[in-house]
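Structure assessment
Here are the chains, one letter per residue:
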Amino acid sequence: MNKEKIVTMQLLNQIHMEELLSLATIVGWDYDKQEIRTLLASGTVFGHVNDKRTVISCAAIIPYGSNLASIGMVIVHPDYRGIGLAKELLVTCMNQVSKDSALMLIATREGRPVYEKLGFNDYSHVTKLLGEGQQCRQSLNGYTISPYQSKDFKEMLELDKEAFGCERDLFLKNRFEQAKEVIVIKKSNLIVGYAAAVRKPANLVIGPVVAQNDEQAMLLIQTIISNYRGMIRMDVVEGKKEIIKALVELDFQEKDRPPVMVKNSEAFPERNGSLYAIAAQSYG
């Protein structure tokens, strides 16, 4: 197959939304238009088109500040695999940021060999859990939980910066706009954590979740679980064993533990341990 004659790489945008959605559906990923809209608004998406101008691959680079970026939504149509399209997309994404920046991604089994060849190494992992929404007994123990208001954003952004390691204000603005629900937990009228929930075609996805301790994190999670009937997904970060244990006790099941892979790990920003769940694997 002569790829130079059949495919061309280009920048993708809103006019390609339907084709990006179709591509995600072909590989069985739980995307909808709102998710793709957030991705396009938060980062830069490249892809290949064939001789009929149909999108047959894609990859996104989402920058967070000046020293970290995440690569996500790396998809190649099954009919076009094995001719180097994924590698070409990844290199293009990597070239969008400083060579000194840390790059992160959450790897699929299929993509891992390509990532390793490009210098990505295992850094940590996330645990994917699925379960049903249900009523939860909870005592607030002096905390208050309330819906997010725009006036809360600055205070939440400071908490998120310490949790994630760098500022991601553009992404959070876009994610909150997409979200079905965003709640904050307060102690003595100060915000100490927050959680967002985004409705996808197959699941309600809870994340990000940021909290100062396990009690706060579970209060946030239980509040969302109690308000929803249907399948719920969370991707919990490494080290949060008690949260995973508590979710299993609520009949959540561990489905996967994909690796977080990083290139230039020496530049990866410090985190303070208050990130409990990621927004989605595309965003790191």
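Rules and cut-offs
- Residues numbered from 1 in each chain as written.
- Predicted model: local features only at pLDDT ≥ 70, side-chain atom pairs only at ≥ 80, totals over all residues.
- Heavy atoms only, no water.
- Helix = DSSP H or I, 4+ residues; strand = E, 2+ residues; numbered from the N terminus.
- Buried < 20%, exposed > 50% of the residue type's maximum accessible area, 1.4 Å probe, protein only.
- Contact = heavy atoms within 4.5 Å.
- Lys, Arg positive; Asp, Glu negative; His and termini not counted.
- Charge placed at Lys NZ, Arg CZ, Asp CG, Glu CD.
- 1 Å grid on protein atoms, 1.4 Å probe; cavity = no way out; pocket = protein on both sides within 12 Å on 5 of 7 lines; lining within 4 Å.
- Points joined across faces, edges and corners; volume = space filled by probe spheres on them.
- Nonpolar A, V, L, I, M, F, W, Y, C, P; charged D, E, K, R; others polar.
- Axes fitted to C-alpha atoms, helices over the stretch in contact; angles between N-to-C directions.
- Parallel < 35°, antiparallel > 145°, perpendicular 65-115°, else oblique.
- Left-handed = near helix turned anticlockwise from the far one by under 90°.
- Core = buried A, V, L, I, M, F, W, Y, C linked by side-chain atoms within 4.5 Å.
- Polar contact = N/O pair within 3.5 Å; in protein donor to acceptor, adjacent residues only side chain to side chain.

Further remarks concern the overall build of the protein. Each helix and strand in the protein was counted, giving 9 helices and 14 strands. Here the protein holds 284 residues, and the buried ones make up 55% of them. Put simply, 74% of the contacts in the protein that link residues at least 6 apart link residues at least 24 apart. In the protein, 34 positive and 34 negative side-chain charges are present, and the distance between their average locations comes to 2 Å.

Looking now at the layout of surface pockets. Gaps between atoms show up when a probe of the same size as a water molecule is rolled over them. As a volume, the largest pocket reaches approximately 1,300 Å³. Taken together, 46 residues form the lining of the largest pocket, with W29, V74, T108, E110 and Y115 sitting closest to its centre. Breaking the lining of the largest pocket down by element, the ones donating at least two residues are β4 (68-76), α4 (85-94), β5 (102-106), α5 (112-117), β6 (121-132) and β11 (231-237). Examining the composition of the lining of the largest pocket, we find that 6 residues originate from one element, β4, more than from any other. Counted by class, the lining of the largest pocket contains 24 nonpolar, 9 polar and 13 charged residues. Together, 20 residues line the second largest pocket, and Y123, S124, V237, R271 and L275 are the ones closest to its centre. At the level of elements, β5 and β6 are the ones that each hand at least two residues to the lining of the second largest pocket. For the lining of the second largest pocket, the leading source of residues is β6, giving 4 residues. Of the residues assigned to the lining of the second largest pocket, the class counts are 11 nonpolar, 6 polar and 3 charged.

The next point concerns the packing of helix α6 (residues 153-164) against helix α7 (residues 169-178). Helix-helix packing is described using two parameters, namely the angle between the two axes and the distance between the axes. Running from N to C, α6 and α7 cross one another at 120°; their axes reach a closest spacing of 11 Å. Relative to α7, α6 is oriented oblique. Along this stretch, α6 crosses α7, giving a crossing that reads as right-handed. Contact residues: F153, M156, L157 and D160 in α6; D169, L172, K173 and F176 in α7.

Turning our eyes to something else, we now look at the nonpolar core. Formed by 51 residues in total, the largest nonpolar core has its most connected members in I36, C58, Y64, L68, M73, F176 and Y283. Looking at which element gives the most residues to this core, the answer is α6, with 6 residues.

Quick look at the environment of G28 now. One can find G28 in the loop between α2 (17-26) and α3 (33-42). Among the residues examined, G28 registers a relative accessible area of 61% and is labelled exposed. Sequence separation of G28 and I145 is 117 residues, and the distance between their C-alpha atoms is 35 Å.

Moving on: unusual backbone geometry. With an omega of 0°, the peptide bond between G207 and P208 qualifies as cis. You can see P208 is positioned in strand β10 (residues 204-210). Of note in the backbone geometry, M73 takes a positive phi value of approximately 50° without being a glycine. With respect to the helices and strands, M73 occurs in strand β4. Judged by relative accessible area, which is 3%, M73 ranks as buried.

To continue, consider the environment of R271. Along the chain, the position of R271 falls in the loop between β13 (259-263) and β14 (275-277). Separated by 174 residues in the primary sequence, R271 and V97 have C-alpha atoms spaced 21 Å apart. For R271, the contacting residues outside a window of four places in its chain are M104, E162, A163, F164 and G165. Looking at R271, its side chain comes within polar contact range of the main-chain oxygen of F164, at 2.7 Å.

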